[in-house]
Amino acid sequence: MIQFSEEKLKQVEKIIARYPEGKQKSALLPVLHLAQQEFGGWLSPETMDYVASLLGLLTIEVYEVATFYSMYNLKPVGKYVFEVCQTGPCITRGSDDIIKYIGERLGIKPGETTPDGLFTLKTAECLGACGYAPMMQMGKGYKEHLTKEKVDEIIEECRRSAAINN
Amino acid sequence: MGRKLLLDKVGIVGIRSYDVYRKNGGYSSVEKVLKTMSPDDVTNEVKKSGLRGRGGAGFPTGMKWGFLAKPEGVPRYLVCNADESEPGTFKDRYLMEHIPHLLIEGLIVSSYAVGSNRTYIYIRGEFGWIVDILEQAIAEAKNNGWLGKNILGSGFDCEVYVHPGAGAYICGEETALLESLEGKRGNPRIKPPFPAVKGLYGCPTVVNNVETLSTVVPIINMGGDEYAKYGTGKSTGTKLISACGNINKPGVYEIEMNISVEEFIYSDEYCGGIANGKRLKACVPGGSSVPVLPAYLLLKTAKGETRMMTYESLSDGGFQTGSMLGSGGFIVYDEDQCIVRNTYSFSRFYRHESCGQCSPCREGTFWMEKILWNLEHGKGKMKDIDLLWSVQGNIEGNTICPLGDAAAWPVAAAIRHFRDEFEWHVTHPEEAQRRNYGLAGYAEPLKAGV
């Protein structure tokens, strides 16, 4: 049985309070973000059911939203998720090579997770950083002006911080 | 140096913080409107300014506010569209990251004008760190009495909330955005009714872009008439252009709408010319949805006039020989770029982002991507080019929202202007895998590096 901590439940209440009374369905997207963060980086059916009960929604109302938006992961992902932009402006600055290079370094294809559960590689459509291409999203932030050297550094950095936290 | 109205203070150290922003004249427009102007006065100033929506459509902002229904006892909403997702566009992000209080100030003034006591910023979910920046700015504004109840003793109440999306280009369409804000899938609504009558929670709603709402601040400070003296013709004021692709200086530039496309690309004040000493092949001047133009139609119109960075000049010649200013997402291609590959990438994007509600868009984008993949990978046939032309033509105008048009236009323009490059991919399938078609006849008529 999953459950938000007291602190997170307070955060949920604060989110609901942003919307007029009776319109708490509006809180669904932000609360799903919070749930994904809290419960392993993805939305399991159990997590979605929990969010539905929390907001007083039918489970189908949560499922249809969770499956519509690309930021919600519907299967488990690695500790670090690399989402590399592959849209036109990034291509002009070499994003194809970067995607290929990351895949080679990690030994996985886009959509896959490394066996150690550390990295997931995904391709993404335009992330609104065309002037700083090639780029990728990692967690809450962007990694921009990517080069092979920079990719190496990022991967090393992730490995180091994962080793420290374990 | 061109005159600036939005980014003039961006270079000031610490401008992201409230204190520095306030010391440099910030929030004076809120004082002005709450103390000396009625909501209608504010709308009138915006009408006089000639401001056109900066999200892409270019609809006059004052007129949009004027359409708002005002039934007694029904709340009205202002929603800021910060779902910046159009490929090539990254200007709103720049504003929010560097000078967030400008948007908050613009939101308060605009909320007063339209009578919104509860205003939302719908921001794309990927901009997670900008959500933090905005929430910090809102908290600072509130602590200093610019938000909350009875602001400056005027009797006007206003709260601003940030609402993150979750990854869906379609939510930049205003009715899809409202659906998403209500906690649903981002399926665009059938119009009418327009949001001005039935918007968020069924109440009258205005949806405006980040840059549009930020521009309200200088308009109020200087007056609508004064603002209208900037720019030319029906393109008044300044516009943020996000420039990317094969140029020396990608980035966000504020231009006064009176400079030429040539100056924008080649002058050191802006893009600084084509990168690596290459030559200009083509350009998408207003975000991925607008028609691509070959160099010879980009710098001069079909009539031989200098092409200017204005709404009117960029659309001169219609879609036959012109394009659109759109969102200001300016994507430049050098001689090494492949038009077929780029068009394929855009089609993949629109297929990915189609909400699936309307068959022409859901199926059409799927087939366009498939056909373009074949052409790009040397598996295309000559008749595929005509098939592609027919598919795009059957999407355009047959969908609830403009995403269908946005998916069709880049394909149509690519075939219209670069048909020989598509044909070369069919006739030279192996060579097309190894090298690029190059410049062919599309090179700029001017010598490189002007």
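A quick note: this is a predicted structure, and the numbers were derived from the prediction, not measured. (Residues numbered from 1 in each chain as written. Chains lettered and ligands numbered in written order. Predicted model: local features only at pLDDT ≥ 70, side-chain atom pairs only at ≥ 80, totals over all residues.)

A separate point is the overall build of chain A. Across its full length, chain A carries 7 helices and 4 strands. Element order for chain A, N to C, with α for helix and β for strand: α-α-α-α-β-α-α-β-β-β-α. Along the first, second and third principal axes, the C-alpha atoms of chain A reach 50 × 35 × 25 Å. Put simply, chain A has 166 residues, and 39% of those count as buried. Contacts in chain A between residues at least 24 apart in sequence constitute 55% of all its contacts with a sequence separation of at least 6. (Helix = DSSP H or I, 4+ residues; strand = E, 2+ residues; numbered from the N terminus. Buried ≥ 20, exposed ≤ 12 C-beta atoms within 10 Å, placed from the backbone. Contact = placed C-beta atoms within 7 Å.)

Attention now moves to the domain arrangement of chain B. Residue and element names in this part refer to chain B. Under the domain assignment used here, chain B contains domain 1 (18-229), domain 2 (232-334) and domain 3 (339-434). Each of domain 1 and domain 3 has a C-alpha centre, and the two are 36 Å apart. Its residues placed into classes, the side of domain 1 that touches domain 3 shows 7 nonpolar, 2 polar and 1 charged. (Domains from an automatic or database assignment. Nonpolar A, V, L, I, M, F, W, Y, C, P; charged D, E, K, R; others polar.)

Glancing now at the sheet that holds strand 10 (residues 293-294) of chain B. All names here are of chain B. Overall, mixed pairing links the 5 strands, which are arranged 8-7-11-9-10 in an open sheet. The open sheet terminates on both sides in strands that have one partner only, identified here as strand 8 (251-256) and strand 10. In terms of strand pairing, strand 9 (residues 280-284) meets strand 10 through 2 bridges, oriented antiparallel. In the strand pairing of strand 10, cysteine 283 is matched with leucine 293. (Pairing = 2+ DSSP bridges.)

Bringing helix 6 (residues 100-114) of chain B into the picture now. For an α-helix the count is 3.6 residues per turn, leaving residues at separations of three or four pointing the same way. All names here are of chain B. With 15 residues, helix 6 extends 21 Å between its outermost C-alpha atoms, agreeing within 8% with the 21 Å of an ideal straight helix rising 1.5 Å per residue. Judged by how many residues are buried, helix 6 sits mostly within the fold: 15 of 15 residues are covered. Looking at the residues trailing helix 6, positive phi occurs at glycine 115, about 80°. (Expected span 1.5 Å × (residues − 1).)

Turning to the interface of chain A and chain B, a few remarks are in order. Between chain A and chain B, the contact holds 34 residues from the first and 46 residues from the second. Counting only elements with at least two residues in the side of chain A that touches chain B, the list comes to helix 2 (28-38), helix 4 (59-66) and helix 5 (88-92) of chain A. Per-element tally for the side of chain A that touches chain B: the top contributor is helix 2 of chain A, with 5 residues. Across the side of chain A that touches chain B, the residue classes tally to 18 nonpolar, 10 polar and 6 charged.

Moving on to the sheet that holds strand 4 (residues 205-209) of chain B. Strand pairing in a sheet relies on backbone hydrogen bonds. The paired strands run either parallel or antiparallel. Residues and elements named next belong to chain B. Spatial ordering of the open sheet is given by 3-2-1-4, a layout of 4 strands whose pairing is parallel. The strands lining the two open edges of the sheet, one partner per strand, are strand 3 (159-164) and strand 4. Strand-to-strand twist in this sheet, taken as the mean axis angle between neighbours without regard to direction, amounts to 20°. Relative to strand 4, strand 1 (residues 76-82) is paired through 5 bridges, and the arrangement is parallel. (Axes fitted to C-alpha atoms, helices over the stretch in contact; angles between N-to-C directions.)

Side chains of a nonpolar character, in soluble globular proteins, are inclined to be buried together. In terms of nonpolar packing, the biggest core is built from 177 residues, with Leu32 of chain A together with Val79, Val109 and Val332 of chain B touching the most fellow members. Element by element, the count of residues in this core is highest for helix 18 (residues 403-427) of chain B, at 11 residues. (Core = buried A, V, L, I, M, F, W, Y, C linked by C-beta atoms within 7 Å.)

Residues and elements named next belong to chain B. Along the chain, alanine 141 turns up in helix 7 (residues 128-143). Taking the C-beta count within 10 Å as the criterion, alanine 141 has 27 such neighbours and is therefore assigned buried. Each C-alpha atom of the pair alanine 141 and valine 160 lies 10.0 Å from the other, and the pair is 19 residues apart in sequence.

Attention now goes to the domain arrangement of chain A. According to the domain assignment, chain A contains domain 1 (6-66) and domain 2 (80-165). For domain 1 of chain A and domain 2 of chain A, the distance between their C-alpha centroids amounts to 29 Å.

All names here are of chain B. For the pair helix 6 and helix 7, interaxial distance at closest approach is 9 Å and the crossing angle is 55°. With respect to helix 7, the element helix 6 is oriented oblique. Where helix 6 crosses over helix 7, the two elements pack in a sense that is right-handed. Touching Pro100, His101 and Ile104 of helix 6 are Ile133, Leu134, Ala137, Ile138 and Ala141, all from helix 7. (Parallel < 35°, antiparallel > 145°, perpendicular 65-115°, else oblique. Left-handed = near helix turned anticlockwise from the far one by under 90°.)

With that settled, the discussion passes to the packing of helix 5 (residues 91-98) of chain B against helix 7 of chain B. All names here are of chain B. The interhelical angle for the contact between helix 5 and helix 7, taken along N-to-C directions, is 45°, at an axis separation of 9 Å. Considered as vectors, helix 5 and helix 7 are oriented oblique to each other. Where helix 5 crosses over helix 7, the two elements pack in a sense that is left-handed. Touching Arg93, Met96 and Glu97 of helix 5 are Ile130, Ile133 and Leu134, all from helix 7. The residue inventory of the contact of helix 5 with helix 7, partitioned by class, reads 4 nonpolar, no polar and 2 charged.

Turning to helix 9 (residues 210-222) of chain B, a few remarks are in order. Residue and element names in this part refer to chain B. Burial of helix 9 is extensive: 11 of the 13 residues sit out of reach of the surface. Turning to helix 9, its buried residues are Val210, Glu211, Thr212, Leu213, Ser214, Thr215, Val216, Val217, Pro218, Ile219 and Ile220. Phi for glycine 223, located one or two positions after helix 9, is positive at around 95°.

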